[in-house]
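Listed here are the chains, written in short residue letters.
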Amino acid sequence: MAALRWAAALRWAPGPAARAAAGLLGRCSGRSYSAGCAESSPTFGFLLDIDGVLVRGHRVIPAALEAFHRLVNPQGQLRVPVVFVTNAGNILQHRKAQELSALLECKVEPDQVILSHSPMKLFSQYHDKRMLVSGQGPVVENARALGFRNVVTVDELRTAFPVLDMVDLERRPTATSVLRSDFPAIEGVLLLGEPVRWETSLQLITDVLLSNGNPGNGLVTAPYPHLPVLASNMDLLWMAEAKMPRFGHGTFLLCLEAIYQKLTGKELQYEALMGKPSLLTYQYAEALIRQQAERRGWTAPIQRLYAVGDNPMSDVCGANLFHQYLQMAERGVRAEQQGAGGSQEQLRSTTRSCTSILVCTGVYRPGEPGSKEPPFHGHRDFSFSPGLLQASHVVEDVQEAMRLAFHEEGWPW
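Attention in this report is confined to the structure presented alongside it. Everything numeric in this text was worked out from a predicted model, so none of it was measured.

1. Quick notes on the sheet that holds strand β8 (residues 188–191)
Sheets are built from strands that pair by backbone hydrogen bonding, the pairs being arranged parallel or antiparallel. As summarised here, the arrangement of the five strands in space is β7-β6-β8-β9-β12, forming an open sheet in which the pairing is parallel. Each edge of the open sheet carries a strand with a single partner, namely β7 (151–153) and β12 (272–274). The mean inter-strand angle of the sheet, taken between neighbouring strand axes irrespective of direction, is 20 degrees. Of the pairings in the sheet, the one linking β8 to strand β9 (residues 229–232) comprises three bridges and is parallel in character. Its bridge partner being in β9, L190 is matched across the sheet by L230. With respect to the sheet, helix α7 (residues 249–264) is in contact with β8, β9 and β12, its orientation differing from that of β8 by roughly 145 degrees.

2. Comments concerning the environment of A64
Looking at the secondary structure, you find A64 in helix α2 (residues 62–71). Taking C-alpha positions, A64 is 9.5 Å from E400, a pair spaced 336 residues apart along the chain. Setting aside residues up to four positions removed in sequence, A64 forms contacts with V53, L54, L104 and V398.

3. Side note on the packing of aromatic side chains
On inspection of all chains with the given rule, the structure shows 14 aromatic pairs. With 6.1 Å between their ring centres and 45 degrees between their planes, F46 and Y306 make a pair best called tilted. Here Y306 lies in strand β13 (residues 304–309) and F46 lies in strand β1 (residues 44–48), a separation of 260 residues in the sequence. For F46, a relative accessible area of 0% gives the class buried.

4. Digging into the pairing of strand β6 (residues 131–134)
Of the two faces of β6, the one carrying M131 and V133 and the one carrying L132 and S134 are both buried. Pairing between β6 and β7: three bridges, direction parallel. Across the sheet, the residue bridging to V133 is T153, located in β7. At this point the chain moves from β6, through helix α4 (residues 139–145), to the parallel β7, and the crossover so formed is right-handed.

5. Considering the pattern of salt bridges
Evaluated as defined, the whole model comprises 14 salt bridges. Note that D49 and K276 form a salt bridge whose closest N and O atoms lie 2.8 Å from each other. Here the residue D49 occupies a position in the loop between β1 and β2 (55–56), and K276 occupies one in the loop between β12 and α8 (279–295), the gap between them amounting to 227 residues. Classification of D49 as buried rests on a relative accessible area of 7%. Between D315 and K276 there is a salt bridge, with the nearest N and O atoms lying 2.6 Å from each other. Of this pair, D315 sits in helix α9 (residues 312–330) while K276 sits in the loop between β12 and α8; the two residues are 39 residues apart in sequence, bridging distant segments of the chain.

What counts and how
- Counting of residues starts from 1 at the beginning of each chain's written sequence and follows it residue by residue.
- Under the rules for a predicted model, residues below a pLDDT of 70 receive no local features and side-chain atom pairs below 80 are neither given nor counted, while totals for whole chains, interfaces and linings still include all residues.
- Only hydrogens and water are set aside when side-chain values are computed; all heavy atoms of the structure are taken into account.
- Strands were regarded as paired on the criterion that DSSP finds at least two bridges between them.
- We count a stretch as a helix when DSSP gives it H or I for four or more residues in a row; a strand needs E for two or more, and each element gets its number in order from the N terminus.
- Structural elements are reduced to axes, namely lines fitted to C-alpha atoms, with helices fitted over the stretch in contact, and the angle between N-to-C directions of any two is expressed from 0 to 180 degrees.
- Whether two residues touch is decided by their heavy atoms; if any such pair falls within 4.5 Å, the residues are in contact.
- Geometry of aromatic contacts follows a simple scheme: Phe, Tyr and Trp rings, the Trp one being its six-membered ring, pair when their centres are within 6.5 Å, and the pair is stacked under 30 degrees between planes, edge-to-face over 60, tilted otherwise.
- Each residue is placed in one exposure class: buried if its accessible area under a 1.4 Å probe, protein chains only, is under 20% of its type's maximum, exposed if it is over 50%, and partly exposed if it falls in between.
- By convention, orient the strands away from the viewer: a clockwise path from the first strand over the helix to the second makes the crossover right-handed.
- The term salt bridge refers to a side-chain nitrogen of Lys or Arg lying within 4 Å of a carboxyl oxygen of Asp or Glu.

Here is the structure:
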């Protein structure tokens, strides 16, 4: 069985796991918040998905713009702590903050944004290894921002070994290539998001795994366990401008897993899977919420989080898993985390609950009366539990979600 390693990252991070909540995230750059607020210190905050909740493609959802006009106080500051938790990863963190600032007409700091791969900062034991990185956008810059100092892109690997990429007839080499003997072995794989040319990435990633990082040579027998694979964003589908959902990175992972299984008879294993619904991602988000509150001078502990999303398989499932974790931690019970194996230190937390709120502006569409239960779109390494896909509240849009949360907290909206 493939072991899901997203929770074990905290065990692997340098120092005790509590550093993820207390000190490790202190490297965040945004420091523009000032203390003081006309309202009392909030004891709640928001974890907001982006695609399908705040935007569709590159267009802001009108209800989101209205919601943020209400969420900002007369001094131009957010009334409560907010972290944007997206499974996207094809953009730099500060660029995503700038994009959100423009769309929402509200200042968003880089350390309010969690991309799907942001928790990879915790995996310092791989930061000096030679890693093949797959995705699109600024993959090298993103990998380096996460701490990885020795990365190779799929395009660089293809250039070094052009005979590996044979699907596209127009890209096949026309002359015999000299086998490279000076190309250092690859020591691991980073999957940051869906690539553009799936056939090339699927072929070359598989080559690396089957050859133990030496795709120019190959091996008679594929090694197992294979090289470490760290992946982010398990979304099978996501919502853009089209009327129907689009393939996400989860679909690419599904293809890679099926190919590896078919070729070797064994399951592809992950050292880490992160992004929603990974518990690690929510722990990381909670740490940023607490840090944000401290910078604003809010002295009351943040006790309740409201997670707003459009995808039951990632947003709702992740929020409910995190809520279960918080409830068990409050009772002093060590949470059993899916596929993590072994014991690990519980994060100390003041947060007591995480309420899942599902909106109808993205992937989720209310079913017809009497419709059958939809198929499970979650990742292979997450066991299916219908209860985890049931949101605490289903509302029309993010403005209604925020209004509901403010009402629950007794705050004026």
